[in-house]
Amino acid sequence: MNPVDFWAAILMGLAGSGHCIAMCGGLAGAMGVQQSKPRILLYNVGRISSYMLAGALVGSAFFGLAQLQPQLFIWMRIFAGVMMLLLAAYLLRITAALLWLERIGAILWRRLKPLTRKYNRNGKSHHVYLAGMLWGWLPCGLVYSALSWAALTASPTSGALFMLLFGLGTLPSMLFLGMVSHTLVSLLKSTKFRWFSSAILATYGVATITIGLMQLR
Amino acid sequence: MNKEQACFHCFQPIPKGVDITVEVFGEAQPMCCYGCQAVAETIVDQGLTHFYKYREVDDSQGPALIPEELAGLDEAVTAYDDAEIQKEFVLTQNDHSSASLAVEGMTCAACAWLIERQLGNHAGIEKVVVNATTDRVHVTWAAGKTKLSSILKAIHQIGYKALPFQQADLEEQYERKRRSYIRRLGVAGIASMQTMMVAVGLYYDDIDATTRLYFWWVSLLFSAPVFVYSCQPFFQNAWRAIRSKSLNMDVPVSLAIIFAFFASFYATVTDTGDVYYECVTMFAFFLLSGRYLELLARQKAITNAANLMKLIPAIAEKQTAEGWQKVMVKHLVPDDVIQIRPGEAIPVDGVLLSQQAWCDEAQLTGESRPIAKRTGETIYAGSVNQENPLRMRVTHTHQNTLLAGIIHLQDDALGQKPRVVQLADHISKYFVLATLIIASATYLGWYFIAPEKALWTVLAVLVATCPCALSLAAPTAMSGAVSRLNQSGILLKQANVLQALPGITTVCFDKTGTLTHGRFHILEAWHQETSEQSRHEAIAAALEFSSEHPIAQPFRRLAKPVDLNEVENTPGLGVEGRVDNTLYRIGSLAFVQQWHPQLSSPMPQANVFLATEQGLIACWRVDDELRDDATTMLQWCKKKGFHTIMLTGDTQERALAVAESLALDEVHSALKPDDKLAILRKQQHQGPVIMVGDGINDAPVLAQADASITFASGSELAQSGSDVVILNGELTAIRRLFDTAKKARLVIRQNFAWALGYNGIILPLAVMGYVGPLWAMLGMSTSSLIVISNSLRLLRKQAY
């Protein structure tokens, strides 16, 4: 995996911070913020494990596909670039572009949801981990665009690594939620921050598409 | 944000064409995406909907969802005009309202002055006291002529953020300020290390031109964030001062930084001359360290005062028709009945209804032993119920409790500018002006002698003479001393007293309640007609109920009082009143002698006499015990060479008995308040006098004295006219007061001597070009640090 992708992964995670806090922060609050720090960490490790699993899955799928059809790889790169652009738009809530993906995810989630009752965050340690893993499958446009990049690596290990880095990018906002000041939270959720991170993501997307188009020629 | 367009869960706008809902609170709530839908469903499934309820309350207060901070602030400010909300922090007396405001962004005395001036011009404002040490503004305004919100807006207009003082706010502000300083310090620290390293490399002459230029560019890269980010507070302050047509020490500081940076920048771009990037970064670093330390010192000084309020719980159990109900403390009103569980703090002042209770009043008096309270006795907010649940009737709430009074007084004392601080402010303003003039003159001079050195010499002059140390000298020492005293149960009402104390030559003591406990017992009684004893006692009890003198206390417990008319209280003498058409007098011998000039006491040591216009009918001997530490205190006075005087309204025999056991130098007995005043005035011809007495009976004497101390507990605290109130009931606290005042004076003198001496020596050297900017900067920083750490010594615990 080249270092540019490495940064892309972390950046996607970080850029999504505001989104993560808005969406999942409330849940953390609802489920009791008084969790000990190791447990919060364990929970998040579970979440990232799921991401890695998903990354490995799409990675190996595209590993197979790339064997059959090398040209597909370039198209995949363009697709990932488009996903990045859509993500930028998604974070800005300009379009519902990634919503169709989430809808597919939501079907999967409905099957997993009953399990969340079984493993809640207040149980034994391994339950906390499992609850975190389940949380990783929550329908989320952010995760899906990261997965499109993981697919691009066309290798199970790199795919998992990419998703690990993405997960690490989201970690600070989720882990320190409640510890960070209101100022920081409102900064992350502010329109300015969203525009800023979206602009960077869009630039990445455009660059990726350009490279893909040049390879096609 | 319009709720209809925003996601119910995450409050983000819902993109067009999305129609997802989740049923929460029996209503279909809009969601922006499937993720939110999933989360919301999970929350509902797990029965956690209370989160949404709780959160909604939170949203209306917290800024989290309103990124446009200012818009929220404006709205918040208007809300402060609400009478219900004002109850929390505004004190209103006869159309005059006053409140403490916490102000963000004040960094120095000049800021305080600016705010004072801005508010002074505002219509309807009667008094403004700005305290730069605690970042608070105490403002008094005519209710009806202006509104609190417009006062707050007026402060916003000049670039400071102000909100009515509430504890949590202030602490959060400090924390934010501290963090921002740490970040700026961090940037400046890293950059100065890098630039210093490069600078060391540049000292070698054999460096080739290309490498040198490369080094310059590297230094520029590191200095730029320092200039843009770390130095901001200085620029902002300087700009504020200039905008208000004033000067402060940040003006020369900013000038120096701007000159040094741009000159170096120019040198780098054109590849000519010298660069001083390491100066910029290190100057910023040292100045910020100084400010940071000052911030810590201030924080220390206010935590003590602020901690008092923390103890007060927000919820109380109130008796209602449906039984005990939990209510907000702010909704309690006088005459409510509340219940306090053991271990809980009492939220308001009130009267005990339960039989007995043990209260720990350490927060108020420093006395750590629990105090026994009986039915009908007053219980104060801030004390802690020790044993059984207690019931009480509320008498005072909010700003009117004793605790709030104490905090108010502490704030006021920290807010006053003692003469010495005013002087320092004044001096440093002129000092800055002088510095700027000298700097310009220096530039002109060097421009003709050696133009290439002119800029760097001026830089050195500006940096070296920064009057930081001068402006810190007195305020840091004063707030250190005030806070130190507060911690040991000594409440300063007038900060000026610290300056007056070291000059004192004479100490006057009141006897009753000062040298003695003021707890009286009846030891002997004499009755004209022994059969009439119980009637005499009932009359005495009735009369003494209208006396405030502590000697009246035991009579009130003696018998059930009879009905009384035409009561007249003559302070210092006694009480007169009519019972069943007979006029009675109770009081001193002199008081009764006004009716019967020939009367002599039938009992040698009697001191309370009851008489009719026909003759004496009864007399009593009532006595009091000495305070445990009275002997120690008087011995100390003797050792220090104070002239000690006792001024008492009591009889000569009894006064002499006490005076002899304590070895006082002078005793004046059987005095009326006027006599006390006359003696004190006479004594003042020989030197400054301190009066130690009782807050109410001695009020005029206390006011006349150069410094005055009272022992106060309870409601008289706020009214007593003294400069210092001793809360812990120890006479030896006076010793600590003197010691602290002496130390504070010493520290202030040391600070001034250092600051003036240093600036005086360095200025000519800098003008002549002997001091480079780097050394000037090191010297200036060290000078400020010395002053601050010297003042911080006052805060340290002293052994007694």
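Just so we're clear, the structure is a prediction, and the values are computed from it rather than from any experiment.

The rules behind each value
- Throughout, residues of each chain are indexed from 1 in the direction in which the sequence is written.
- Working convention: letters from A go to chains and numbers from 1 go to ligands, in the order in which they are written.
- Local features in this predicted model are restricted to residues whose pLDDT is 70 or higher, and side-chain atom pairs enter the listing and the counts only when it is 80 or higher, whereas totals over whole chains, interfaces and linings include all residues.
- Pairing between two strands requires that DSSP report at least two bridges joining them.
- Elements are defined by DSSP. Helices are runs of H or I of four residues or more, strands are runs of E of two residues or more, and each kind is numbered from the N terminus.
- Note on method: axes are straight lines fitted to C-alpha atoms, helices fitted across the in-contact stretch only, with angles between N-to-C directions ranging 0 to 180 degrees.
- Placing C-beta atoms from the backbone, we regard two residues as in contact once those atoms come within 7 Å.
- UniProt positions are given in the numbering used here, feature names are shortened, and annotations may be inferred rather than shown by experiment.
- pLDDT is defined as a per-residue confidence score from the predictor, taking values between 0 and 100.
- Note on terminology: a nonpolar core is any set of buried Ala, Val, Leu, Ile, Met, Phe, Trp, Tyr and Cys residues joined through C-beta atoms within 7 Å.
- Exposure is read from a count of other C-beta atoms within 10 Å of each residue's own; the residue is exposed at 12 or fewer, buried at 20 or more and partly exposed in between. C-beta atoms are placed from the backbone.
- Helix span is expected to be 1.5 Å times the residue number reduced by one.

**Notes on the sheet that holds strand β26 (residues 666–668) of chain B**
Residue and element names in this part refer to chain B.
Here is step 1 of the chain: The strand order across the open sheet formed by seven strands is β17-β29-β28-β27-β18-β25-β26, and the pairing between neighbours is mixed. Each end of this open sheet is capped by a strand with a single partner; those strands are β17 (490–492) and β26. Averaged over all adjacent pairs, the angle separating strand axes in this sheet is 20 degrees, with direction ignored.
Here is step 2 of the chain: Here three bridges tie β17 to strand β29 (residues 724–726), and the two strands are oriented antiparallel to one another. Each bridged residue has a counterpart across the sheet, and for Leu 491 the counterpart in β29 is Val 725.
Here is step 3 of the chain: Helix α24 (residues 673–684) rests against β18 (506–510), β25 (643–647), β26 and β27 (689–693) of the sheet, and its axis sits at about 150 degrees to β27.

**Section: the UniProt feature "transmembrane region" (unreviewed entry) in chain A**
Residue and element names in this part refer to chain A.
Here is step 1 of the chain: Those places that UniProt annotates as "transmembrane region" (unreviewed entry) correspond, in this numbering, to residues 6–30, 51–68, 74–101, 127–147, 159–181 and 193–214.
Here is step 2 of the chain: Within residues 51–68, the helical portion is 100% and the strand portion 0%, while the C-alpha atoms at the span's ends are 26 Å from each other.
Here is step 3 of the chain: The span residues 193–214 is 100% helix and 0% strand, and its two end C-alpha atoms sit 32 Å from each other.

**Let's talk about the confidence of the model for chain A**
Here is step 1 of the chain: Averaged over every residue, the pLDDT of chain A is 74; the share at 70 or more is 73%.
Here is step 2 of the chain: In this model, residues 29–34 of chain A is a region of pLDDT below 50 whose contacts with residues beyond four sequence positions or in other chains number nine contacts.

**A closer look at the UniProt feature "transmembrane region" (unreviewed entry) in chain B**
Residue and element names in this part refer to chain B.
Here is step 1 of the chain: Listed under "transmembrane region" (unreviewed entry) in the UniProt record, and renumbered for this structure, are residues 185–204, 216–235, 247–269, 275–293, 430–449, 455–474 and 752–771.
Here is step 2 of the chain: Secondary structure across residues 247–269 comprises 87% helix and 0% strand; the distance between its end C-alpha atoms is 33 Å.
Here is step 3 of the chain: As annotated, residues 752–771 comprises 80% helix and 0% strand, and the C-alpha atoms at either end are separated by 23 Å.

**Considering the sheet that holds strand β23 (residues 608–612) of chain B**
The strands that make up a sheet pair up through hydrogen bonds in the backbone, lying either parallel or antiparallel.
Residues and elements named next belong to chain B.
Here is step 1 of the chain: Pairing is antiparallel across the open sheet formed by six strands, whose spatial order is β19-β24-β23-β22-β21-β20. This sheet does not close on itself; its edge strands, each paired only once, are β19 (521–527) and β20 (565–570). Each strand axis lies, on average, 15 degrees off the axis of its neighbour in the sheet, ignoring direction.
Here is step 2 of the chain: Summarising the sheet, β23 and strand β24 (residues 616–623) pair through four bridges and their orientation is antiparallel. For Val 608, the partnering residue across the bridge sits in β24 and is Trp 620.
Here is step 3 of the chain: The strands that helix α19 (residues 533–544) touches are β19, β21 (574–579), β22 (582–587), β23 and β24; relative to β21, the one it contacts most, it runs at about 120 degrees.

**So, the nonpolar core**
Here is step 1 of the chain: Grouped together as the largest cluster of nonpolar side chains are 118 residues, with contacts concentrated most on Ile 257, Val 280, Phe 283, Ala 284, Val 463 and Ala 473 of chain B.
Here is step 2 of the chain: The leading source of residues in this core is helix α27 (residues 733–767) of chain B, at 13 residues.
Here is step 3 of the chain: The residues contacting Val 463 of chain B, other than those within four sequence positions of it, are Ala 256, Phe 283, Pro 773, Ala 776, Met 777 and Met 780 of chain B.
Here is step 4 of the chain: Among the nonpolar cores identified, the runner-up in size contains 72 residues, and Met 12, Leu 87, Leu 99 and Trp 135 of chain A belong to it.

**Concerning unusual backbone geometry**
Residue and element names in this part refer to chain B.
Here is step 1 of the chain: At Asp 335, a residue that is not glycine, the phi angle is positive and equals roughly 80 degrees.
Here is step 2 of the chain: Residue placement: Asp 335 occurs in the loop between β9 (323–328) and β10 (337–340).
Here is step 3 of the chain: For Ala 670, which is not glycine, the phi dihedral falls at a positive 50 degrees.
Here is step 4 of the chain: With respect to the helices, strands and loops of the structure, Ala 670 is situated in the loop between β26 and α24.

**A short note on helix α7 (residues 141–152) of chain A**
Along an α-helix, residues three or four positions apart point the same way, because every turn accommodates 3.6 residues.
Residue and element names in this part refer to chain A.
Here is step 1 of the chain: Over its 12 residues, α7 runs 17 Å from end to end, which matches the ideal 16 Å to within 8%, given 1.5 Å per residue.
Here is step 2 of the chain: Most of α7 is tucked away, with 12 of its 12 residues classed as buried.
Here is step 3 of the chain: Buried within α7 we find Gly 141, Leu 142, Val 143, Tyr 144, Ser 145, Ala 146, Leu 147, Ser 148, Trp 149, Ala 150, Ala 151 and Leu 152.
Here is step 4 of the chain: Ala 154, located one to two residues past α7, shows a positive phi value of around 50 degrees.

**So, helix α16 (residues 468–487) of chain B**
Here is step 1 of the chain: With 20 residues, α16 of chain B should reach 28 Å at 1.5 Å per residue; the first-to-last C-alpha distance of 28 Å fits that figure.
Here is step 2 of the chain: Downstream of α16 of chain B by a residue or two, Gly 489 of chain B has a phi angle that is positive, lying close to 75 degrees.

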